[in-house]
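Structure assessment
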Amino acid sequence: MDLDLAREFLHAHHRAVLATSRSDGRPQLSPILCAVDEKGRVLISSRETAIKTRNLRRDPRASLCVMTDGFFGDWVQVEGETEVISLPDAMELLVEYYRLMAGEHSDWDDYRAAMEHERRVILRVTMTRAGPDISG
């Protein structure tokens, strides 16, 4: 699948399962919400202490299965390399993520305080592959 087609799907659909690799090589799966930034990278909000964050710091390869809200139907799998961006550098990316997902917040100061309190990070995935290319 062309990466631009995958990005188009991700612009419209935000529910996904993120797969990272545990230290023993087994997959670790997390239900997440994702958005696509203006450069076509996938943004995911996580916590500094989350297992997925720790896994991606050790091995930046990520796979996402993105689906429609109805679950059954169209879906896209994307793979790529992930940057883990911590606070304070993550703050404006967290604001961008929120805007892409939900629009304007009613109190940005409160939102920023919550992001600091929760020790939020941005997982930014640069897509390198997308599918499916065939159906069976």
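In this report, the structure presented in the accompanying data block is examined. (Residues numbered from 1 in each chain as written. Predicted model: local features only at pLDDT ≥ 70, side-chain atom pairs only at ≥ 80, totals over all residues. Heavy atoms only, no water.)

What follows covers the sheet that holds strand 1 (residues 15-21). Spatial ordering of the closed barrel is given by 1-2-3-6-5-4, a layout of six strands whose pairing is antiparallel. Averaged over neighbouring strand pairs, the angle between their axes works out to 40 degrees when direction is ignored. In this sheet, strand 6 (residues 120-131) lies alongside strand 3 (residues 42-47) in antiparallel orientation, the contact comprising six bridges. Counted as the bridge partner of leucine 43 is arginine 124 from strand 6. (Pairing = 2+ DSSP bridges. Helix = DSSP H or I, 4+ residues; strand = E, 2+ residues; numbered from the N terminus. Axes fitted to C-alpha atoms, helices over the stretch in contact; angles between N-to-C directions.)

Here the structure, examined in full by the defined rule, presents eleven salt bridges. Arginine 7 is paired through a salt bridge with aspartate 4; the nearest N and O atoms lie 2.9 Å apart. Residue arginine 7 and its partner aspartate 4 are both found in helix 1 (residues 3-12); the two are separated by three residues, about one turn of the helix. (Salt bridge = Lys/Arg side-chain N within 4 Å of Asp/Glu carboxyl O.)

The next point concerns the packing of aromatic side chains. Inspection of every chain in the model, using the stated rule, returns four aromatic pairs. Aromatic side chains tryptophan 108 and tyrosine 111 sit 5.3 Å apart centroid to centroid with 85 degrees between the ring planes, which places their arrangement in the edge-to-face category. Residue tryptophan 108 and its partner tyrosine 111 are located together in helix 4 (residues 108-117), separated by three residues, close to a single helical turn. Side by side, tryptophan 108 and tyrosine 111 carry an identical accessibility label, which is buried. Among the aromatic side chains, those forming a connected cluster through ring pairs are Tyr98, Trp108 and Tyr111. (Phe/Tyr/Trp six-rings, centres within 6.5 Å; stacked < 30°, edge-to-face > 60°. Buried < 20%, exposed > 50% of the residue type's maximum accessible area, 1.4 Å probe, protein only.)

Since there are 3.6 residues in each turn of an α-helix, residues three or four apart along the chain are aligned in direction. In this model helix 3 (residues 91-102) runs 16 Å from its N-terminal to its C-terminal C-alpha over twelve residues, within 8% of the 16 Å that 1.5 Å per residue would give. Here helix 3 has its buried residues at Met91, Leu93, Leu94, Val95 and Tyr97. On its buried face, helix 3 sits against strand 2 (27-36), strand 3, strand 5 (75-85), helix 4 and strand 6. Looking one or two residues beyond helix 3, the residue adopting positive phi is glycine 103, at roughly 90 degrees. (Expected span 1.5 Å × (residues − 1). Contact = heavy atoms within 4.5 Å.)

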